[in-house]
Structure formats: structure tokens, C-alpha cells
Amino acid sequence: MARLTSRSTGTAPRSLDVAQLAGVSQKTVSRVMNGEQYVSDGVRRRVLEAAEELGYRLNHAARALASGRTRSIGVVTLGTALYGPASLLMGVERTVRDTGYALRVVNTMEGDASGVAGAVDSLLDQGVDGIVISEPIDEDDGADLSVRVDVPVLVLGAPPPFAASRVVTAGLVSHEQARAATEYLLALGHPTVHHLAGPRRWFAARDRLEGWRATLAAHGRREPPVVAGDWSAASGYAAGRRLADDDGVTAVFAANDDMAIGLIRALLEAGRRIPEDISVVGLDDVPVAAYVSPPLTTVRQPFEATAQDGLKRLVHAIENPDADPIPEQDPPVDLVVRASTAPPPYRTTPESRRTTA
């Protein structure tokens, strides 16, 4: 790949070259490239246009020597293609890029109890300024991490506790999302709501299970047996084949959209109409949710907002170690109503049949 060089020397462009081309001082170039305030929009535009023309890039290594920071953030995340973790990682990547920090990602593997500790240790060896823990699975029964973390840490979800200089959190309010889905189905008139749960080792699955359970209890409704899935559409399909034989099922809250889609397929194959016989609500709002038949009612996950809020507070903790933390902002719960939900069907009971007779 060809390297752009400064017009004056034929070498890699320097901030002085940008300053001369833009007609400003080197200090102004530094302020613009570091995103500092007190620079007019017109000057900022001239500097950025000059930098682009010359191919100038901020020397992060020199900044690290001067500031004692590497301008990098490490991320520990489960190596999976599942929609939720993958979307959250994409949100983190976009947000980190906008902050001007470099991103270093270490993937863990499901079933490796020491994966998080080893990943954190690896990132600390690389000298990162902060760490994001996006680990959705409890691999070690809540045990403490063995490594001492001396940089600020952003926790997305609820990984095992560990010692760090400063910890900020950003949750995906799974408990409240489950509550909203369950309450919506009860408000339609369903006598109770069945739950297709995710794997118990996942923090989100536990939160959604508890949110569903607490909502039924708060409304004095019967709690049906939990049906276990593994996040996949295949497990939802298997659950649907079992639930299709139960005439008492009129509403199901699935812990993610993939399981909900598999569930609907099995119910339809068994002759159960959606939503006339059974209403189904998912969670995530995957891109295909609006285009399945019928379109799926679901709770949209605020991946981008969670990443932005968490990274803003992490960078604040990195750059202002003595300042008070920025308060966490819980994103609103966004229930997206589509055609997979309706009031329950009219069902005659044995008592009503005897009265009619």
C-alpha cells in the first residue's frame, strides 16, 4: 500500500505540514486532532481537510509516551456468532472508534472457566488504558477473578466479581424487558404466560426468567413449567412441538427471537394459529423479526445506546481518575408490537358447558 507523504519533504506528513497547509499553528492542529474545544468550526474544518489531503494521522505512540497512556481499550467477549453478543460487540467497536481510542479484542470460549481471567491478564500485558467485560456466561460459579485489574473497567451485564481500580456498569435491563413482554400479554387478557427460557448459565437468561416469574407473581397468575432452550431456532421448534399439544397454552414469551421463530414454525405445523390460538413475544428484534410470518412482536435490545453510555463513562474514568463517575442511564424498554400477538381465543370451560346444557 502506498504511503502518503508531505508535499514539502517527501517523508511521512507531520503536524507542522498540516499547520502550514491550513494556515494555523501546530498547537491548533494538536487541539483539533485531539478533539479539544475552543477551536472554531471553520478552523477545525481547514485542519481536517489539510490532514486528509496530506494523509496525516495522529501519532498515538508519541501521545502514549507523553501522557503515560496507550489510548487503547481492551474488550473481553465470548467468541460467538449469536445475535446479542455479536451486536453488542459491534456497538462497542463503533463507539470506541468514535472516541479516538484503539480497540483490542480478546475472545473467550464457552466452557473455559479461566477464560475471563486469562483474557484480562493478556490485555493488561498489552498496556490498555481500560477494559470492557462483555462476558454473558457464568463459567466459574461466581468465583473472583485471580488477576488484579489496575485500570478502569466497564462491565456489560454481570460477569464474576473482581478487584479493579474503578468499575462502571451498563446493563441491558433484561429483567425489565421480560416484565414488559409478560405484562403486555397479560394485558391482552391471557390468563397466564408460558416462558421459553435460554440456558441457565447465561446471565441474560436468568434475568429474563426472573423478570417473567416476578411479573406473574405480582399479578397473582399461575406460573407454568419453564421450557428450556439454547437460544437456537431448533430448540424453539422442539419446544413448540411439545407446547402444541397443550390446549391451555395461549401465550408464550421466548427469551430471544430465534427461539420464538422456531416455536412459531412448530406451532403452525401442528395446526395452531398465530396469534388467533397462541400469542408469541420474542426479545432482541433481530432484522428478520419484521419479515417472518406472522411478523414477530418483540422487545428491541438497545445495543448501541448501551455501548455509547458505557464507553462514555469508561473514557471519563480513564481520563479523569479523580473525578466522580458519570451516573448510569438505563435505556427505555422498547416493545415492538407486530402481528404475532392478540387477545386470547374464547374457550368454553366444563362449567360453562354444563350451564348451557
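Conventions we followed
- The residue count restarts for each chain, going from 1 along the sequence in the order it is written.
- Per-residue local features are limited, in this predicted model, to residues with pLDDT of at least 70; the limit for side-chain atom pairs, both in listing and counting, is 80 or more; totals at the level of whole chains, interfaces and linings are taken over all residues.
- The side-chain numbers reported here are obtained from all heavy atoms of the structure, hydrogens and water having been left aside.
- To sort residues, take the accessible area from a 1.4 Å probe on protein chains only and compare it with the maximum for the residue type: under 20% means buried, over 50% means exposed, and anything in between is partly exposed.
- Strands here mean DSSP runs of E at least two residues long; helices mean DSSP runs of H or I at least four residues long; both are numbered from the N terminus.
- Strand pairing is defined by DSSP finding a minimum of two bridges between the two strands.
- When the strands point away from the viewer, a crossover counts as right-handed if the path from the first strand over the helix to the second runs clockwise.
- Definition used in this section: a nonpolar core is a set of buried Ala, Val, Leu, Ile, Met, Phe, Trp, Tyr and Cys residues joined via side-chain atoms within 4.5 Å.
- Whether two residues are in contact is decided by their heavy atoms, any of which lying within 4.5 Å being enough.
- The quantity called pLDDT is the predictor's confidence in a given residue, expressed from 0 to 100.
- Each axis is a line fitted through C-alpha atoms, taken for helices only over the stretch in contact, and angles between the N-to-C directions span 0 to 180 degrees.
- To obtain the arc, one takes the directions from the helix axis to the C-beta atoms.

A. Main features of the pairing of strand β8 (residues 251–254). Taking every second residue as pointing to the same face, both faces of β8 are buried, with A251 and F253 on one and V252 and A254 on the other. Where strand β6 (residues 194–197) meets β8, 3 bridges bridge the pair, whose relative direction is parallel. Note on β8: the bridge partner recorded for L196 is A254. One ladder, built from 3 bridges, connects β8 with strand β9 (residues 279–284); its direction is parallel. Bridge pairing in β9 links A251 to S279. For the segment spanning β8, helix α10 (residues 257–269) and β9, crossover handedness is right-handed.

B. Representation of the environment of L196 within the structure. Relative to the assigned elements, L196 resides in strand β6. The exposure class assigned to L196 is buried, which follows from its relative accessible area of 1%.

C. Broad picture of the nonpolar core. Core analysis: the biggest nonpolar cluster contains 26 residues, and L196, V252, L263, L267, I278, V280 and L296 have the highest contact counts within it. Broken down by element, this core gets its largest block of residues, 5 residues, from α10. Those residues in contact with V280, other than ones at most four positions away along the chain, are V252, A260, L263, I264, L267, I274, L296, T297, S340 and T341.

D. Molecular detail of the sheet that holds β6. The strand order β7-β6-β8-β9-β10-β11 describes an open sheet built from 6 strands, whose pairing is mixed. Edge positions in the sheet fall to β7 (227–228) and β11 (334–336), since each has one partner strand and no second.

E. Spatial organisation of the confidence of the model for the protein. Mean pLDDT for the protein: 84, with 83% of residues reaching 70 or above. A low-confidence stretch, residues 348–357 (pLDDT under 50), is modelled with 1 contact involving residues beyond four sequence positions or located in other chains.

F. Structural context of unusual backbone geometry. For the bond from I274 to P275, the omega torsion is 10°, close enough to zero to count as cis. Residue placement: P275 occurs in the loop between α10 and β9. For the peptide bond that leads from S293 to P294, omega is -5°, which places it in the cis range. A positive phi angle is found at D284, which is not glycine, with a value near 135°. Along the chain, D284 falls in strand β9.

G. Structural view of the sheet that holds strand β1 (residues 72–78). Spatial strand order, β2-β1-β3-β4-β5: 5 strands in an open sheet with parallel pairing. Two strands close off the open sheet at either side, each with one partner strand: β2 (102–108) and β5 (167–170). Within this sheet the neighbouring strands show an average axis-to-axis angle of 20°, counted without direction. On top of the sheet, helix α6 (residues 115–125) reaches β1, β2 and β3 (130–134); it is set at about 155° to β2, its chief contact.

H. Summary view of helix α9 (residues 233–243). All of the buried residues along α9 are S235, G236, A239, G240 and L243. The buried residues of α9 occupy an angular sector of 145° when the element is viewed end-on, so they sit on one face. Of the residues in α9, the exposed ones pointing more than 90 degrees away from the buried face are A234 and R241. Buried residues in α9 make contact with β6, β7, β8 and α10.

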